[in-house]
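Coordinate analysis (summary)
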Amino acid sequence: MPDENQLVNKARPYSNHSVFFKKNYTAEERAATLEKVGLNVFFFPSEMITGCDMLSDSGTTTMTNEQWAALFRGDEAYGSNKGYFLLINRIKETFGPEFFNDPTLNKPNAFIFHQGRACEDALFSLLGKTGAGLIIPSNGHFDTTQANIEANNIKAVNLFSEELHNEASNSHFKGNMDIAKLKNLLDEKKEKIPLIYLTITNNTGGGQPVSMANIKEVADLVHHYNIPLFFDACRFAENAWFIHEYEPDWQTKDIKDIVKQMFSYVDGFTISFKKDGLTNMGGGLFLKNNGLFLKKYPTFPDTLLNYQIIKEGHPTYGGLSGRSIMTLVSGLKTVTKQEYLTHRISQVQEFGQTMHEQGLPIVMPVGGHAVYLDINKFFTGTAMKPEDFGGISLTAILLAAYGHRACELGYFAFGSYNKKTKKEIFPEVNYIRFAIPRLKYEKQDLDSVAEAMLLLYKNKDKIPPINVTYGRDLPLRHFKARFEFNE
Ligand code: F0G
């Protein structure tokens, strides 16, 4: 028998179950519509996207046939629907038994929400009331996480690893927390820090993963200071795959065991299930039974329960329909499968590799869910200035000309405008993110994006600057602002 492992091109580990045909729109039609929505790609009708929609990997997954079947079996009872009990078991199986207490114990430690940011508000609004001048450090807060922290008068601090900006480094774990910076902060301000966050994988930091060694080191350090550690766990399975693939000692271990080991170090976590829950809606806040967080804040569960009931619904459904809970129970099972993860991340890596080989300046090595293009390097040698927001211009032209939608996560999204000085305050990173929805696109689709980007790169001096016509000084401005080309 010939050896099937000799094949370079392996078939995907899944087949399409259901597809839809896109409508045909011309570049002129797309450009006219984009102009009407002030070049803000968030307001561009997805129906008109003829290429790949890479605005987000959140809630955009293609569900498996098992999930569609599970959805049909959803139980829409107001209290204690069938899926709730299945979810309890799945959470315990996936993350560890200490993260979901049996409801009959009347010791709630798991709270279901409709999405990630709702959990964040629940947690930070309570923490914000525990003192003044508080700080929550992270290896990289996501934008809504940061916004929720700041909305509750807490300071959000990002301790990106030095390696993130070091091109010479081929570390696979550029998402790590900078331990030296963390130690300094702890020494100076420990009484002001209610908890520490690790975002796995580090979405704001180029989608880079965090190593098991870093998770352990951070946990040992912060626990030494008697401070609880939390994960922002949206992409936990993808992070576990990187540990399996690239960190010594973990290559022979099962992904499921790696996940459990990762979560053994934390005292709680928030999660948006719209990513590695492989579902279109859902989130949760989980507090480890006997963990440091619950020891320090023993009254939080009662207050959280009230919050949840007032804002989301009864704790047994918490802002989700019974059918959504059923799809989540199924999604969490699929997401830790080795063959799923290998295909998923290889697809992202291959797409990044193609861009890299074409000379496009992307963050290398490629992270788990997206490819990040460095806007400053892209425009090097052109007249584009930081305040021209070249990333906004580039995403608008990519969408209008080639029908692919990507997202600026850089000087505009993360920057702000100082009304007094009339100057922009620029953040550390300036990227365009090509987020890849799970189980949605094939190689041909992604090759088309890489090809379009190469053509734009070759003509980069023809890309005009941007004028911000509305919303420059608003919070979360990238979701709301309007622009025009300054030609
Ligand atoms: N934390 C991280 C690391 C995220 O990436 C997101 C969402 C959230 C929290 C919030 O979760 O959307 O369910 O409220 N990220 C999406 C993105 C929106 O496109 O990266 P949510």
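Residues numbered from 1 in each chain as written. Predicted model: local features only at pLDDT ≥ 70, side-chain atom pairs only at ≥ 80, totals over all residues. Heavy atoms only, no water.

Moving on: the pairing of strand E5 (residues 229-232). Of the two faces of E5, both are covered, the one formed by Leu229 and Phe231 as well as the one formed by Phe230 and Asp232. Both strand E4 (residues 196-199) and E5 contribute to a ladder of 4 bridges, which runs parallel. Following the sheet pairing, Thr199 is matched in E5 by Asp232. As paired elements, E5 and strand E6 (residues 268-272) share 3 bridges and run parallel to each other. What sits directly across from Asp232, in E6, is Thr270. (Buried < 20%, exposed > 50% of the residue type's maximum accessible area, 1.4 Å probe, protein only. Helix = DSSP H or I, 4+ residues; strand = E, 2+ residues; numbered from the N terminus. Pairing = 2+ DSSP bridges.)

Next up on the list: the state of the cysteines. Here the structure, examined in full by the defined rule, presents 0 disulfides. With no disulfide of its own, Cys234 lies closest to Cys119 among cysteine sulfurs, the gap being 8.7 Å. The buried category is assigned to Cys234, whose relative accessible area is 11%. The thiol of Cys407 is not disulfide-bonded; the next cysteine sulfur, from Cys52, is found 15 Å away. Using a relative accessible area of 3% as the deciding quantity, one classes Cys407 as buried. (Disulfide = S-S within 2.5 Å.)

Let us look at the site of the ligand. Contacts to the ligand come from 18 residues, most closely from Arg117, Asp232, Ser272, Lys275 and Arg433. Note that an oxygen atom of the ligand is positioned 2.8 Å from one of the backbone N or O atoms of Gly116. Burial of the ligand by the surrounding chains reaches 94%, relative to a free accessible area of 480 Å². Listed by contribution, the elements that provide at least two residues to the shell around the ligand are helix H4 (116-128) and helix H5 (143-151). (Near = heavy atom within 4 Å. Polar contact = N/O pair within 3.5 Å; in protein donor to acceptor, adjacent residues only side chain to side chain. Areas by Shrake-Rupley, 256 points an atom, 1.4 Å probe, with all protein chains shown as cover.)

With that settled, consider the side chain of Gln115. Within the element layout of this structure, Gln115 appears in the loop between strand E1 (110-113) and H4. Taking relative accessible area as the criterion, Gln115 reaches 13% and is therefore assigned buried. Ignoring sequence-local partners within four residues, the contact set of Gln115 consists of Lys274, Met281, Gly282 and Gly283. (Contact = heavy atoms within 4.5 Å.)

Across the interface, helix H2 (residues 65-72) lies against helix H12 (residues 322-335) with an axial gap of 8 Å and an inter-helix angle of 150 degrees. For the element pair H2 / H12, the angle class is roughly antiparallel. Pair H2 / H12 crosses with right-handed handedness. Contact residues: H2 offers Glu66, Gln67, Ala70 and Leu71, while H12 offers Arg323, Met326, Thr327, Ser330 and Gly331. (Axes fitted to C-alpha atoms, helices over the stretch in contact; angles between N-to-C directions. Parallel < 35°, antiparallel > 145°, perpendicular 65-115°, else oblique. Left-handed = near helix turned anticlockwise from the far one by under 90°.)

On to the packing of H4 against H5. One way to put it is that H4 packs onto H5 with a least axis distance of 9 Å and a crossing angle of 25 degrees. By the angle class used here, H4 and H5 are roughly parallel. Here H4 and H5 pass one another in a crossing that is right-handed. Listed contacts from H5 to Arg117, Glu120, Asp121 and Phe124 of H4 are Thr144, Thr145, Asn148 and Ile149. Taken together, the residues that form the contact of H4 with H5 break down as 2 nonpolar, 3 polar and 3 charged. (Nonpolar A, V, L, I, M, F, W, Y, C, P; charged D, E, K, R; others polar.)

Now for the domain arrangement of the protein chain. Examined at the domain level, the protein chain breaks down into domain 1 (14-50 + 338-485) and domain 2 (67-334). Just the C-alpha atoms count here: the centres of domain 1 and domain 2 sit 28 Å apart. Of all residues in domain 1, Leu341, Pro365 and Arg438 bury the most surface against domain 2, accounting for 22% of the area lost on that side. Salt-bridge contacts for Glu167 lead to Lys377; the nearest nitrogen and oxygen are separated by 2.5 Å. (Domains from an automatic or database assignment. Buried area = accessible area lost by both parts, 1.4 Å probe. Salt bridge = Lys/Arg side-chain N within 4 Å of Asp/Glu carboxyl O.)

With that settled, consider the packing of aromatic side chains. This model, assessed by the stated rule, comprises 32 aromatic pairs. For the ring pair Tyr297 and Phe300, a centre distance of 4.9 Å and an interplane angle of 40 degrees mean the geometry is tilted. Pair check on accessibility: Tyr297 and Phe300 agree, each one buried. Among the aromatic residues, those joined into a ring-pair cluster are Tyr84, Phe85, Phe95, Phe99, Phe100, Phe231, Phe236, Phe263, Phe269, Phe273 and Phe286. When the ring centre of Trp250 is taken as origin, the NZ or CZ atom of Lys253, which lies over that ring, is 5.5 Å away. Between Arg477 and the ring centre of Phe412, over which it is positioned, the NZ or CZ distance is 4.2 Å. (Phe/Tyr/Trp six-rings, centres within 6.5 Å; stacked < 30°, edge-to-face > 60°. Lys NZ or Arg CZ within 6 Å of the ring centre and 35° of its normal.)

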